[in-house]
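Single-letter residue listing:
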Amino acid sequence: MTGTGRFPHLFRPMRLGPITLANRIVFGAHPTGYAEDGLPTERHAAYYAARARGGAGLIIAEEQSVHPSDRPRERTIRGFDPAVVARHRKVTEAVHREGVPILAQINHNGGQSTSLYSRRPLWAPSPVADPAFREVPKALERQEISEIIDGYGLVAGHCVEGGFDGVELQCAHSSIVRAFLSPATNRRGDRYGGSPANRTRLLSEIISEVRRRIGPDLVLGVRLCCDELVDGGTTLEDAIAVARVLEASGKVDYVGASIGVSTAAPHLDGASMHIPPGYALFVANALRRAVDLPVIGAGRFKDPVQADRALADGHCDLVDVVRGQIADPDFAAKARAGAPEAVRVCLSCNQDCVGRVRANRRLGCVENPRVGREFLPALSSRRAGRDVLVAGAGPAGLQTALAAARAGHRVRVYEAERAAGGQVLLAASTPGRAEFGVLVRNQLTECRRLGVRVEYGRPVDAELVRREAPEVLVVATGARPRRPAWGRGRERVVDVRDVLSGRVRPSGSVLLVDEVGFHQATGTAELLADRGCVVEVVTSAMVVGQDLATTLDLENWCVRATAKGIGETCDHEVVRVGECARTGRLEVELAYLPTGETSGRTVDWVVCALPQAPLDGLYRALRRHPSVQTLRVGDCVAPRRVDMAVIEGERIGTSL
Amino acid sequence: MQLLSPLRLACGVTSPNRLVFGPHVTNLGHGRALSERHTAYYRRRACGGSGIIVTETASVHDSDWPYERAPLAARCAPGWAAIARACHDEGGLALAGLGHTGLQGTDAYGRTALWAPSDVADPLSREVPREMDTPEIAEIVAAFANAARLAVRSGMDGVEVDAGGRALIRQFLSAVTNLRADGYGGAQRTRFAREVLGAVRRAVGRGAVVGLRLCCDEPGTPGGITPETAPAIAAELAAAGAVDYVVVVRGSLRAPDVSRPDGHVPPGFNDAAARRVRAALPSSVAVCAQGSIVDPRHAEELLTEGPAALVEMTRAQIADARLGAKLAAGTPERVRPCVLCNQACQVRDPRNPPVSCIGDPYSGHESHPPVVPAPVDDPVEVLVIGAGPAGLETARNAAKAGHRVRVVEQRERTGGMLRVLAAGAGLGRLALLADWLTAECERLGVRIETGVRAGAADIDARLATGGVVVLCAGGRMGEPGYPIEEGAVVHDVAELLSLPEEELRRRLPAGPATVHDPFGGVSGVSVAETLAALGHEVTLVTPDHLVGARIATPDDRARALARLARARVGVVKRCAVRGAAEGVLRIEHVHTGETGEVKGGFVVECGFRLPDDGLWRGERLGMDRAGDVVAPRGVYEAILEGRRAAAGIEEMYR
Ligand SMILES: Cc1cc2nc3c(=O)[nH]c(=O)nc-3n(C[C@H](O)[C@H](O)[C@H](O)COP(=O)(O)O)c2cc1C
Ligand SMILES: Cc1cc2nc3c(=O)[nH]c(=O)nc-3n(C[C@H](O)[C@H](O)[C@H](O)COP(=O)(O)O)c2cc1C
Ligand code: SF4
Ligand code: SF4
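Quantities reported herein were computed from a predicted structural model and do not represent experimental measurements.

1. Quick notes on the overall build of chain A
Step number 1: Check the secondary structure of chain A and you find 21 helices and 28 strands.
Step number 2: For chain A, whose C-alpha radius of gyration is 27 Å, the value lies close to the compact-globule estimate of 26 Å for 656 residues.
Step number 3: Viewed in the frame of its principal axes, chain A has a C-alpha envelope of about 75 × 60 × 45 Å.
Step number 4: Here chain A holds 656 residues, and the buried ones make up 66% of them.
Step number 5: The contacts of chain A with a sequence gap of at least 6 include a subset with a gap of at least 24, amounting to 71%.
Step number 6: Total accessible area on chain A is roughly 23,100 Å²; 51% of this is exposed by carbon and sulfur atoms.

If you want it as structure tokens, here you go:
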């Protein structure tokens, strides 16, 4: 059955104001960090074109600033700069060549911004500091409100000249319009504050100005924050009232339904795997019931089945699939072809998309090393048909294998264990992290399609290499836990991997030592707490799981840790571990780093998440082999994370 | 002054004086190349009297990409050439900073594994590097030599090789990070450094300067380099590279930026280590002192009585680019002080802020025309309301342009929030900037009237006679954002810190106190320390996951935490305040919503402030505002806007 048959809702064309969409899959606006000197680039064009080619029904290009007072990120696009027009044309032409319409998102972030780059005061309805940026903004004067409205008009004009099919006003997540709409941030006493009608005035004036600029033949959409989830903020009811105003204006073609304020609860706009899919659909549903405008629903749509169901159930008219199409640009095409299982499903890990962009880096994807490199010619191998043996079927090994197979080599993967995935399987076995394991499933699917042979229970050693005599050996044997000096000789001082692999089964009270700062310790802590252990996590860092903040997982970890009674102790280092002669329990001495004061814990087990050691024996033994070219990838080079395993696998696999 | 006397280095090159502008992260680059912004930045310092400029450390090899704009030697030739020309035009020397950050880099940009002597993880970033093999060691040695050759061919007078707190070379020297069993580890830990320095010297020849930035203390990492072991290393390395000078610095895996701490660490922390190194080196090798040297008297002492032949005054020259010139003119009191706040010059931050200074926001922006008023023929009467940093900076610049300026301040002292903050524990140095601004205004003939409250009538009178008014009235306490019940005592942090100590003691009831700091900067920590010093039992409440989230560097933050711990200040993290009642503060966990209480007889509120803009009556000809009265932010913004207001006077008047 084709996708249109299997996903009848997803692939039903629809009218969006003056234009027609081939299907309901939207690649919504998101910052990429691909701009240079404030202008869109070739990188943007190729990035969007790849999703258009892959079957998206509508592309919405990343936010552009409407006014110089707003530069929240170093690489914010200066929509007000006339130089954007020529760059826009490159982007829109590339997308139109694939027969797909593209809109431009325009915005002013107001107080949800920084003066770091603009060196000007932030502008906002009232002098209320944003909870994340923490800069008190300047309350807009009447004249400045006009300047902003003019800015929207000017930028909309640039978008028209640049060939866009319309404009989306970002009035959700992070926006001055959102701030005007919300009683929490709008404390004005003039015509722009106070009553709902007054708070909506700026939006209405912007809409009139933008519609005037773009004329009747282009799309105008509004992305609304339908529930701010902050004290005294916009509620669903308020948002519905605004949507009704939009509808009544007759100037708006669709609304996007979002929840949360991105600087108060960022984990609600880039929800990670710990937040259930469809978490924001209730607002889309409510809007759709209230107005006749088409509604875009957003938030963790990962696979076509789920997306189709949201449409079938009447929650929304269109679905925003952002990370889903970052991970697999051909998401829509694969669904349409009736092969949704071939989709490289997004993990909702947030590591290289949200995480990198928030750190002012270019957007990437742990699963898809081509993200942001679509404008570069695909690397072509100089010598196809080489005989390649990959040792290890973790993410690095599998990525090497599939990249090499794609480049035309004959590839086999030997894995010592009985299953592929290595540490990823362990990682995916912790509570709420199963989706992380989809990485391996995706890689195996691709290997199968490319004819890579994967054999299990086959450790590779020098003898095997001699026997099989491949032309290339790629060592992807991963890493092993490092035993801390203070744990020597103590059987109940173990590694998280021992726990997750089932080698040991701690019970009673457990002290988890987090010296990695990512999911390793927190995931294992949850698993053990779920099994009834009394768990405390200790770290020398200032925060347990310090890097969870980058993937927007720190907030929800706090919530779960509290619910599960997991204790957190920061700024402490383990000094030594002794054993009580009488009870056999472990006596742990901790030092408080700021003062050096020590304290003790008596526990049944100590479980460590420490930096690992590379398992590079095979590589070291064979790297100077006279006839087998020996290379290495992933954790066996240096134990890091899957993004590096995949990047190195791709790099080595394509360049053999 | 010894500081201003020339110094002939062993290689034969002569520095016009002893004042060094050390290498530091600027984010001024264009991609990984040095840019015109760099040239303008360094030229301004060379012109202002810096004898030796050492450019931002360039990575010698592309295995190193520690921050996005980190210069890469292979791309620096045009930039070095331009900078060398600029410095030579101004009579100074230019040296190229060369380095490799090894395991203290990041894979975020290069997207390859980090290189290091051993696979020891960085305890801060937690990244695990990979151990370099022998050919790779040789590759890096050659890369240092190639980079040095390129620098000198581009016109630089020599190089400074980085073996400091973030350097691969230090990682080889230190037993903490070098666990190798081959000929580069154990007793041979100095070999890599020797090879690098030898190769660099051969590459640049005898006549060019080779400096060595050497870590002589690794705090917080037991087993590392200490001031006791460093002198021998210094001697060995100096010999290996026929080194002209050694900069004595400190730094470690746990505290990479401890060589440039904030003002809580009293200057002089490195003097003893420098003395030991001096004693171990032949007299032909100069010692360069480094580390929070911001006072010319301290510098002079190090040169005349101490170990140094050169002094690195980096932040001091970010704060005042004309430091050397002002000393040469015999006007040391005119040097704008660096207050060691680390607020605008500490830019190792993924957001890539350009280097600047709270006292001189033009720093780092030298490639743009300066925002200062041009001298005028027809001076105007200017009334500045408020003598905080914004008001004083407005007045100073307006007076410089020739206007007749009067400043009125309702408090008894000038300096505004600078003075208030400076009253908090550990922040006393901020007062130096207030003093300087006041003294400069006085020197320029500004009339400052304190204890005078301006009103609408003053504004009208000034405007009516064709004058200009700049409102710099600052901010006031904001609405706390939670209900304050009967009997609860909530103090504004600024108001408390404005009181003399005896008055403060009298005002505050004995017993426990709570500090609510929704901002996370230095001031919340400081006021908590102040109260603890007065004998209160203090609890600090923050919405963040950690204390002092906004403090400039992890090192400074760790020290703040240590001070709080020593002062027995309790910390409640991840909590917002929901209400104040008699003797208790009601709190709520920002993520779980759990509620609780903190005991305290009174609350000190450090929250966001509101503009004190009662006198502001809309945009009109002849009236402008600057600083917190626009929106309460920081000193940097206040000074920047003060300059802009002064520059706008002409326009306002017309
Ligand atoms: C890399 C990335 C960065 C994002 N940054 C923001 C942001 O700064 N502000 C915002 O409001 N939403 C942001 N979003 C959220 C998107 O606008 C969108 O709502 C969301 O990604 C859609 O859900 P999906 O990715 O689960 O399909 C971001 C999304 C991604 C993927
Ligand atoms: C318990 C556990 C949890 C982990 N969680 C993550 C994670 O969330 N994200 C990630 O990138 N790597 C995580 N890792 C590390 C990767 O699994 C590891 O870098 C990867 O498997 C290396 O690939 P290779 O074995 O093919 O070289 C985790 C490891 C363990 C043991
Ligand atoms: S990095 Fe993770 S969350 Fe982001 S698109 Fe890729 S798989 Fe999805
Ligand atoms: S920002 Fe602060 S520390 Fe930096 S140079 Fe200026 S005064 Fe000194």
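Continuing now.
2. Overview of the site of ligand 2
Residues and elements named next belong to chain A.
Step number 1: Around ligand 2 sit 21 residues in total, of which Q351, A396, D635, R640 and V642 are the nearest.
Step number 2: One of the backbone N or O atoms of A396 is found 2.8 Å from an oxygen atom in ligand 2.
Step number 3: The backbone of V642 places a nitrogen or oxygen atom 2.9 Å from an oxygen atom of ligand 2.
Step number 4: Burial of ligand 2 by the protein amounts to 98% of the accessible area it has alone, namely 640 Å².

3. Digging into the sheet that holds strand β15 (residues 410-414) of chain A
Residue and element names in this part refer to chain A.
Step number 1: Spatially, the five strands line up as an open sheet ordered β16-β15-β14-β17-β28, and their pairing is parallel. In this open sheet, the two strands that pair with only one neighbour each are β16 (453-455) and β28 (629-632). Pairwise comparison of adjacent strand axes, ignoring direction, gives a mean angle of 20° for this sheet.
Step number 2: Strand direction decides the pairing type here: strand β14 (residues 387-391) and β15, joined by five bridges, are parallel. For V388, the partnering residue across the bridge sits in β15 and is V411.

4. As for the site of ligand 3
Step number 1: Taken together, the neighbourhood of ligand 3 is formed by R323(A), I326(A), C346(A), L347(A), S348(A), C349(A), N350(A), D352(A), C353(A), C365(A), V366(A) and E367(A).
Step number 2: Taken together, the residues of the shell around ligand 3 break down into seven nonpolar, two polar and three charged.

5. A closer look at the UniProt feature "domain: NADH:flavin oxidoreductase/NADH oxidase N-terminal" (unreviewed entry) in chain B
Step number 1: As annotated in UniProt, the feature "domain: NADH:flavin oxidoreductase/NADH oxidase N-terminal" (unreviewed entry) corresponds to residues 4-332 of chain B in the numbering used here.
Step number 2: The span residues 4-332 of chain B is 34% helical and 15% strand by assignment, and the distance between its end C-alpha atoms comes to 12 Å.

6. Side note on the UniProt feature "domain: FAD/NAD(P)-binding" (unreviewed entry) in chain A
Step number 1: Within this structure's numbering, the places UniProt gives as "domain: FAD/NAD(P)-binding" (unreviewed entry) are residues 387-485 of chain A.
Step number 2: Within residues 387-485 of chain A, the helical portion is 37% and the strand portion 19%, while the C-alpha atoms at the span's ends are 43 Å from each other.

7. Details of the interface of chain B and chain A
Step number 1: If you look at the interface, chain B gives 64 residues, while chain A gives 62 residues.
Step number 2: For the pair chain B and chain A, the two sides together bury roughly 5,100 Å², of which 49% comes from carbon and sulfur.
Step number 3: Joining chain B to chain A, the criterion identifies 14 salt bridges.
Step number 4: In this assembly, chain B and chain A are joined by 31 residue pairs in polar contact (both at pLDDT 80 or more).
Step number 5: Counting only elements with at least two residues in the side of chain B that touches chain A, the list comes to α3 (107-110), α19 (554-566), β27 (610-611) and α20 (635-647) of chain B.
Step number 6: It is α19(B) that contributes the most residues to the side of chain B that touches chain A, six residues altogether.
Step number 7: Among the residues forming the side of chain B that touches chain A, the class breakdown is 27 nonpolar, ten polar and 27 charged.

Calculation rules
- Residues numbered from 1 in each chain as written.
- Chains lettered and ligands numbered in written order.
- Predicted model: local features only at pLDDT ≥ 70, side-chain atom pairs only at ≥ 80, totals over all residues.
- Heavy atoms only, no water.
- Helix = DSSP H or I, 4+ residues; strand = E, 2+ residues; numbered from the N terminus.
- Rg over C-alpha atoms; globule rule 2.2 N^0.38 Å.
- Buried < 20%, exposed > 50% of the residue type's maximum accessible area, 1.4 Å probe, protein only.
- Contact = heavy atoms within 4.5 Å.
- Areas by Shrake-Rupley, 256 points an atom, 1.4 Å probe, with all protein chains shown as cover.
- Near = heavy atom within 4 Å.
- Polar contact = N/O pair within 3.5 Å; in protein donor to acceptor, adjacent residues only side chain to side chain.
- Pairing = 2+ DSSP bridges.
- Axes fitted to C-alpha atoms, helices over the stretch in contact; angles between N-to-C directions.
- Nonpolar A, V, L, I, M, F, W, Y, C, P; charged D, E, K, R; others polar.
- UniProt positions renumbered as here; feature names shortened; annotations may be inferred.
- Buried area = accessible area lost by both parts, 1.4 Å probe.
- Salt bridge = Lys/Arg side-chain N within 4 Å of Asp/Glu carboxyl O.

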